[in-house]
Every structure is written in structure tokens, then in C-alpha cells.
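Descriptive structure summary
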Amino acid sequence: MNKALFGLYLFFTVYVSSLRELNLLLLLFFVLFSVLFALKRRRLKGFFKGFLYTALFSLMLSLPYSLWSSSFDYSIMMLLRVLNLYMLTLMFISTVNLYSLLSFSKTLSFLLVISVSFTLAYRRVFENFQQALRSRSIEKPKRQELLNFLRRIMGYFFERALRDGQEVTMAMKSRGFDHD
Amino acid sequence: MIELREVYYSYDHNITLKNISFKVREGEKVVLLGINGSGKSTLLKLLNALIFPTEGAYYYKGERVEEKSFKNKDFRRTFRREVALLFQNPEVMLFNPTVYDEMAFSLRQLGFREEETREKVEYWADKFGLSPLLKSPPFELSLGQKQRLALACLLVLSPKLLLLDEPTAHLDPKSTGWLVDLLWELPCTIITSTHNLSLAEELGDRLLVLGQDHTLIYDGRIEDFLRDEEKLLKAGLLHRHRYRDKGGYHTHGF
Amino acid sequence: MHIPDGFVAPQVYLPAYLLAVGFTLLSFRKLKEAFEEGKVPYIASLSAFAFIVGSVAVPIPGGTSVHGLGVAPIALLFGPWVAYACFSIVLLLQVILLGEGGITTYPINLLAIGLVGGFSAYWFYRIFNRMAFAVFLSGFLSTLLSAIFMSILLGVHPYLFKDPSGKPLYFPYPLSLTIPAFLLPHLLVGFAEGILTHIAVKHLSKRLRHE
Ligand SMILES: Nc1ncnc2c1ncn2[C@@H]1O[C@H](COP(=O)(O)OP(=O)(O)OP(=O)(O)O)[C@@H](O)[C@H]1O
Ligand SMILES: [Mg+2]
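Here is a short report on the structure shown in this document.

What counts and what doesn't
- Residues numbered from 1 in each chain as written.
- Chains lettered and ligands numbered in written order.
- Predicted model: local features only at pLDDT ≥ 70, side-chain atom pairs only at ≥ 80, totals over all residues.
- Heavy atoms only, no water.
- Helix = DSSP H or I, 4+ residues; strand = E, 2+ residues; numbered from the N terminus.
- Rg over C-alpha atoms; globule rule 2.2 N^0.38 Å.
- Buried < 20%, exposed > 50% of the residue type's maximum accessible area, 1.4 Å probe, protein only.
- Contact = heavy atoms within 4.5 Å.
- Areas by Shrake-Rupley, 256 points an atom, 1.4 Å probe, with all protein chains shown as cover.
- Lys, Arg positive; Asp, Glu negative; His and termini not counted.
- Charge placed at Lys NZ, Arg CZ, Asp CG, Glu CD.
- Buried area = accessible area lost by both parts, 1.4 Å probe.
- Salt bridge = Lys/Arg side-chain N within 4 Å of Asp/Glu carboxyl O.
- Polar contact = N/O pair within 3.5 Å; in protein donor to acceptor, adjacent residues only side chain to side chain.
- Nonpolar A, V, L, I, M, F, W, Y, C, P; charged D, E, K, R; others polar.
- Near = heavy atom within 4 Å.
- Phe/Tyr/Trp six-rings, centres within 6.5 Å; stacked < 30°, edge-to-face > 60°.
- Pairing = 2+ DSSP bridges.
- Right-handed = clockwise from strand over helix to strand, strands pointing away.
- Core = buried A, V, L, I, M, F, W, Y, C linked by side-chain atoms within 4.5 Å.
- Domains from an automatic or database assignment.
- Donors = N, O, S within 2.8 Å, 3.2 Å for Na, K, Ca; no water.
- Expected span 1.5 Å × (residues − 1).
- Axes fitted to C-alpha atoms, helices over the stretch in contact; angles between N-to-C directions.

1. Overview of the overall build of chain C
The helix and strand tally for chain C stands at 8 helices and 2 strands. Walking chain C from its N terminus toward its C terminus, one meets helices and strands in the order α-α-β-β-α-α-α-α-α-α. The C-alpha radius of gyration of chain C comes to 17 Å, within 12% of the 17 Å expected for a compact globule of 211 residues. The dimensions of chain C, computed from C-alpha atoms along their principal axes, are 65 × 40 × 30 Å. The buried share among the 211 residues of chain C stands at 61%. A fraction of 71% describes how many contacts in chain C between residues 6 or more apart in sequence connect residues 24 or more apart. Carbon and sulfur atoms make up 67% of the accessible area of chain C, which amounts to about 8400 Å² in all. Counting 12 positive and 8 negative side-chain charges, chain C places the averaged centre of each group 9 Å from the other.

In C-alpha cells:
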């Protein structure tokens, strides 16, 4: 089921990203928009923020060209295409569990899961480092102080990465997981 | 000295502090108790103005503390100088090349002359047993030493409000005793977080308890709380043991 | 460098996918040589490391701070294949966790950063080996090269894809605009990358050899 949805998603992504007819793009826009709304709304946290952000971003890229060539069709086509792709992706990730897509390979899904969990953990510690710097700084830190801070951050996460890599490797071995 | 009024805080969409209100007067030694994940660290960061209430208000010396208050240089200077937080993980506080530089960091920012800086650093290094380590890089110390160093870095500034996030977590019993004595000597207001019931009594005379539901479920004298089994259970600080202990209760001071 | 989905033509991103995924598989195979056992946990933890390195603000002269790419430090510490393998994950994490980049731009970013950035950093370092600023330069120049690669991939769109009236169908700006528009901000990014690379090689590689 997930794989079928994934295939469908890929197909539509390629299809939509090659569309150029405004009518078709507009039709798709309304279809996608209504489907998204029909889906449970609480799964679409931050939908509007992302939507607006994506729209603005697209306009930022395309408007200068439209102004220069005074063909606003272009900006409209890009805007619709970008938003359609955005909604398509959102629809996909709000219905499909990304990890289950990798279930065909134990190694790959394991890789993704621990990468995400390491990254989330590191990000939180990194945030703490930044807060500690803010907390201890009475004045705005000088360049040299920031460089010291940077060096420490890199040193800390470098060592932590080596240690975590080693630890998980050993843990895997002790659980008899050493095919590779 | 500080006051929280109906403060809420959420990370993304998860409420971590719920309707918290209390005042702390100058010179009080307050203990903040709560189980893992109850929001102790979050509350202390909020009091240190590293994060700001999603709802409600925080006042420091009668002034409202908001994100925009920190645009005012004088306020920022005063606040950062007077309010100090010892992070739960002391490692995140240490980033200078040597222990000496680490302790001198804030003093140098304040523009102290090098002799004055040296004098202060040496005084506190001696008090904390860090003198032999002044030239080594902080990241080479043991975790307990890091914790002591991080605290020493805060005390060189003589803060008015000291926020301590599980300051004894990495200390051995001897250092813990030493720290408890030291805290009572300090003239400043102190808020210490812990999940250790038996230590709570030694760390302060007033108790704030964060419940599992992220609200403030107790504010008062420590002894009264320890006798109130209902509240202890609610805070998740007590386990009911059905066998062995004659069906009674059993506290866990881990 | 974030271009939204929709500006890149399938005729570009589909072949880019083939190439990028091919290199990913190749890099995973190469890694067997780097960490004989348990390469999976190491790729994961080093990717997390690379993620952080790419997200820390680097102070550059003039008082501002910018982010580097983070690929050159990994390439010089662990070799370009490890860097490529890590970035195939890091860029995926940026999509999942930060919502930066999209499904059609992923292979293009990966080729620009992981392949061009990582390998050129490594080769620049080898070429400048004797020079005082070799490490910094390798971070700096590899970033510029990566930006140039990206801007060429985008800048060819208006020549290749337009409707009969000459209206562009995808990315609209010609090479003469795209390349400078990418290069200028990447002078700063490159500077940051140079500093990151310098720190990595001067302060971290020592500890690596002790392992
Ligand atoms: N940076 C963050 N982003 C998202 N959620 C967070 C973050 N920091 C903490 N949390 C969550 O907020 C809740 C409270 O965390 P907090 O660290 O304040 O608890 P604590 O009482 O200090 O716990 P502990 O005793 O484990 O230190 C937890 O559920 C935690 O997962
Ligand atoms: Mg905590």
C-alpha cells in the first residue's frame, strides 16, 4: 500500500513538474487543495505557513523575470506548479510513514532511523550550547570568543560522533547483528 | 525578586509548563522538584530568559522580561550579569581553551583588568579545588570537575540570582556535601532543581514541585510536602510497593 | 541554494537522480574499506556531525556570521567518499527535519555539494598541499565550485526548455545572470566553509590519528 502510494506520488511529481498548461495546473490546484482539506486537518500542522512561504519563495524567483519580460503568465505558471508540488508532497508525507518505505532493506531503514535520532539528539545539545553562550555573555561575544565556541562545538560533536558510532556498533554486535 | 504570572510554555506543540505562578523573594533558597520530563530545565531556562513564555508574564525586579527587553543594552547587561544558570549538562557551558580562560570569560567581557581577573579567578579556583587545573583544557576534565568548573565560572561574577539545574548530578557524595555547604554560604537567591527527594531538604527551605501534568502542584515548606503522601504520589515521586514493604509506601531517593 | 520544486525540469532531475543514487551506492560500497565493521552507525553519527557543522553560524571578518556547507571538513577528515555518503543523508534530513529543499532538487543539491563540493575540496587540498592556506582554500574554492556547478545546472534551463514563443518553462535566468548571482553570496559561504575546514583539520584530525 505504502509502496503503491509512493509510486503514485513519484508519477504525479514528474507529471506535475512537466506541466505547462495553466488550465490544467489550475484545475489540479483546486483538486489538491480540496483533497488536502478533506484529509484530517490536524495532520497538516503549519500548512498555511509553509504554503505562504513556498508561494512567496516562488514569486521571489519568478517575478523579476515577469517584470522584466512583462509576461505574467510565467509567474502564474510557476506559482501554480510550485504550490501543486508542495501540496502533493505534503499529502504524501501526511499519509505515508517514511520509514516504512525503506522496509525492503533492514540496513537502510536502520540507517535512516539512527541518523534521525542522532541528529535530533545532537541538535538539542547544540541548542543548549548556544543557550549557554547566550546565558554567559554579558556583552555581544567578540570574534575570537565566537571562534573558540565554534572550535568547541566541532570538537564536541566530532568526538561524540566517533563515540556514538563505536557504541552502536558494539551494541549491534552484542545483539548478534553483525552482518554488514 | 522574581515573579511568574500564569506562565505557559510549549515546544512546538507540546505543553511543557502549564499555568505556573509564583514569587521568589530576595535571599530565598528554593528547591524545584519534579520527575524526569516535568519541565524543570525548561522552567530554569525561562527564568534565565533563554526562552520566553508562550503565554503569561515573567517579572525580574518588577520589570517584565520579554524577548524585546533584550534589545535594551543596559537591561541585557544587568540581567545577564545578575542572573546565572548552571546547565544540567555542564559540558555545554565550557568552550574556552583553558580552565583559566573559562573562568575569566565573563570578567573580561565586563572589562576587568587582567590583575583583578586573575585575583578573582584564583580565589574561586582555590575554593573549588581547581587550582592545579587552571592551564588544562576544560574538555579534558571529568564530568564532576566540569560541573564544579561551570559553577565556579558563574560565581566569579557574584550573581544575584543563581539557577542550578541538578547541580549534584555528577558529583560524588563528598563533593555533594561540600556543595550543599557552599550554597548556604552564598548571599544570593538560589533556585535549585532536583529529582532527588532526600537531597531536597538540604538544598533549600522552600519547595516548588512540578507535577507530571506540568503544573505547579506544591509551593511551601519542604517538611509538609514530604509528609503528604497524596501529593508525593501525584508528583510521581513515590512508588507503591505491593509486596515486601507490608503494603506500605516506599520512597525512592535515587 | 534552496530552489523550490517546480523550477527544475524532469529532464534534468531524473538523470541527476540516476547519477546521485549511483554514487550513493558506490560510496556505501567504498566505505567497507574505511570502517571494516559497523559502517552503518558511523555513517549515521558522522551525518549528524555534518548536519551540525552545516548549521553553526561562523563568524567572518566584518562582524557577520554565515553558515558553511559543512562538506569540506568531512571530506578532509574522512575522505570524499565518506563525505558523499554522509551528505546523501544530511540533505535528506534537511528535507525531513527542516523542510529545506524538495524531492526534485535533492539530487541536484547532492551532486553540487556532495560530489563537486566534497571531491573538489579533497583535490584542492592535495594540489595546494605545500601552501600555508591549503586547508582554508580547499574549503573556500570547493564551495565556489559547488555554487558554479549548481548555477550552470539551473542556468541552462532557459536555453533548453522554452515554449514556441520563447517563454521559459522552468528556471528563467540565463547563465550570465545565474552564475554571478550564485557566486556572490557563496564568497561568504566559502569563507565560512574555509574556517570550518581549517578548524577541522587543525584541531580534529590530530585526535583522529590517535584512534
Ligand atoms: N529543545 C526541545 N525541543 C522539544 N522538546 C523539548 C526540548 N527540550 C525539552 N523538551 C521536552 O520538554 C519536556 C520537559 O523537558 P525538561 O528538560 O524541562 O524536563 P526536566 O524536568 O528537566 O527533566 P529531567 O529530569 O530529565 O532533566 C520533555 O518532555 C522534553 O522532551
Ligand atoms: Mg532537566
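After that view, the rundown keeps rolling.
2. A closer look at the interface of chain C and chain A
It is common to give the size of an interface as the accessible area lost on bringing the parts into contact. Contacts between the two partners involve 60 residues from chain C, matched on the other side by 57 residues from chain A. For the pair chain C and chain A, the summed buried surface comes to about 5200 Å²; carbon and sulfur atoms form 76% of the total. Between chain C and chain A we count 0 salt bridges in total. Linking chain C to chain A there are 11 residue pairs in polar contact (both at pLDDT 80 or more). Sorting elements by how many residues they give to the side of chain C that touches chain A places helix H2 (residues 39–55) of chain C first, with 14 residues. Here the side of chain C that touches chain A is built from residues that sort into 45 nonpolar, 7 polar and 8 charged.

3. Remarks on the site of ligand 1
Near ligand 1 lie 14 residues; those nearest to it are Gly37, Lys40, Ser41, Thr42 and Gln88 of chain B. Of the chains in the model, those with residues near ligand 1 are chains A and B. In this structure, an oxygen atom belonging to ligand 1 sits 2.8 Å away from a main-chain N or O atom of Gly37 of chain B. Take Ser41 of chain B: an N or O atom from its side chain is 2.6 Å from an oxygen atom of ligand 1. Protein burial of ligand 1: of its 630 Å² of free accessible surface, 72% is covered by the chains. Elements supplying a minimum of two residues to the shell around ligand 1: helix H6 (106–136) of chain A together with helix H1 (40–47) of chain B. Broken down by element, the shell around ligand 1 gets its largest block of residues, 3 residues, from H1 of chain B. Class assignment of the residues belonging to the shell around ligand 1 gives a composition of 2 nonpolar, 8 polar and 4 charged.

4. Notes on the packing of aromatic side chains
Applying the stated rule across the entire model yields 45 aromatic pairs over all chains. Each ring, one from Tyr17 of chain C and one from Tyr106 of chain C, has its centre 6.3 Å from the other, and the planes form 35°; the classification is tilted. Residue Tyr17 of chain C is found in helix H1 (residues 10–34), and its partner Tyr106 of chain C is found in helix H5 (residues 106–127); the two are separated by 89 residues along the sequence. According to the relative accessible area criterion, Tyr17 of chain C is partly exposed, its value standing at 24%. What makes Tyr106 of chain C buried here is its relative accessible area of 14%. An aromatic cluster is defined as three or more aromatic residues linked by ring pairs; in this entry it consists of Phe118, Tyr122, Phe126, Phe129, Phe149, Tyr156 and Phe157 of chain A together with Phe95 and Phe105 of chain B.

5. Some words on the pairing of strand E7 (residues 161–165) of chain B
Residue and element names in this part refer to chain B. Across the 5 residues of E7, 5 count as buried, placing the element largely inside the fold. Residues Leu161, Leu163 and Asp165 line one face of E7 and the alternating positions Leu162 and Leu164 line the opposite face, and both faces are buried. Here strand E6 (residues 83–86) pairs with E7 via 4 bridges, running parallel. The residue bridging Leu86 from the neighbouring strand is Leu164, located in E7. One ladder, built from 5 bridges, connects E7 with strand E8 (residues 189–194); its direction is parallel. When the sheet's bridge partners are listed, Leu163 is paired in E8 with Ile191. Handedness of the β-α-β unit built from E7, helix H6 (residues 173–185) and E8 comes out right-handed.

6. Some details on the nonpolar core
Grouped together as the largest cluster of nonpolar side chains are 208 residues, with contacts concentrated most on Phe157 of chain A, Ile2, Met103, Leu162 and Ile191 of chain B together with Phe87 of chain C. Per element, the largest residue contribution to this core is 13 residues, and it comes from helix H4 (residues 72–95) of chain A. A domain-level breakdown of this core finds at least three residues from each of domain 1 (2–98) and domain 2 (102–174) of chain A. Once residues within four sequence positions are removed from consideration, Ile191 of chain B is found in contact with Ile2, Val24, Val30, Leu32, Leu44, Leu47, Leu161, Leu162, Leu163 and Leu164 of chain B.

7. Quick word on the coordination of the magnesium ion (ligand 2)
Listed as protein donors to the magnesium ion (ligand 2) are Ser41 of chain B (OG) and Gln88 of chain B (OE1); their distances from the metal cover 1.9 to 2.2 Å. You can see Ser41 of chain B sitting in helix H1 and its partner Gln88 of chain B sitting in the loop between E6 and helix H3 (99–109), a full 47 residues away along the chain.

8. With respect to the pattern of salt bridges
All names here are of chain B. All told, the structure shown has 21 salt bridges over all chains when counted by the stated rule. Between Arg25 and Glu28 there is a salt bridge, with its nearest N and O atoms 3.7 Å apart. Residue classification places Arg25 among the exposed positions, given a relative accessible area of 58%. Through salt bridges with shared partners, a single network forms among Arg25, Glu28, Arg206 and Asp219.

9. Thoughts on H5 of chain C
With 22 residues, H5 of chain C extends 30 Å from end C-alpha to end C-alpha; this agrees with the ideal 32 Å at 1.5 Å per step. Extensive coverage of H5 of chain C is indicated by the burial of 17 of its 22 residues.

10. Digging into the environment of Asp213 of chain B
Residues and elements named next belong to chain B. On the secondary structure map, Asp213 appears in the loop between strand E9 (206–210) and strand E10 (216–221). Taking the C-alpha atoms as reference points, Asp213 and Ser193, 20 residues apart in sequence, are found 17 Å from one another. Of note is the side chain of Asp213, whose polar atom sits 2.9 Å from the side chain of Thr215.

11. Brief notes about the sheet that holds strand E3 (residues 29–33) of chain B
Sheets are built from strands paired through backbone hydrogen bonds, the pairs being either parallel or antiparallel. All names here are of chain B. Sheet architecture is open: 6 strands sit in the order E6-E7-E8-E3-E9-E10, paired in mixed fashion. Either end of the sheet is taken by a strand with one partner, and the two such strands are E6 and E10. Sheet twist, expressed as the average angle between the axes of neighbouring strands with direction ignored, equals 15°. Pairing of E9 with E10 involves 5 bridges; the strand directions are antiparallel. Bridging from a neighbouring strand, Leu208 pairs with Asp219 of E10.

12. Section: the environment of Lys231 of chain B
All names here are of chain B. As for its placement among the helices and strands, Lys231 is situated in helix H9 (residues 229–234). Residue Lys231 is classed as partly exposed on the basis of its relative accessible area of 30%. Through-space distance from the C-alpha of Lys231 to that of Lys120 is 44 Å; in sequence the pair is 111 residues apart. Other than its neighbours up to four places away in sequence, Lys231 contacts Ile217, Tyr218 and Phe225.

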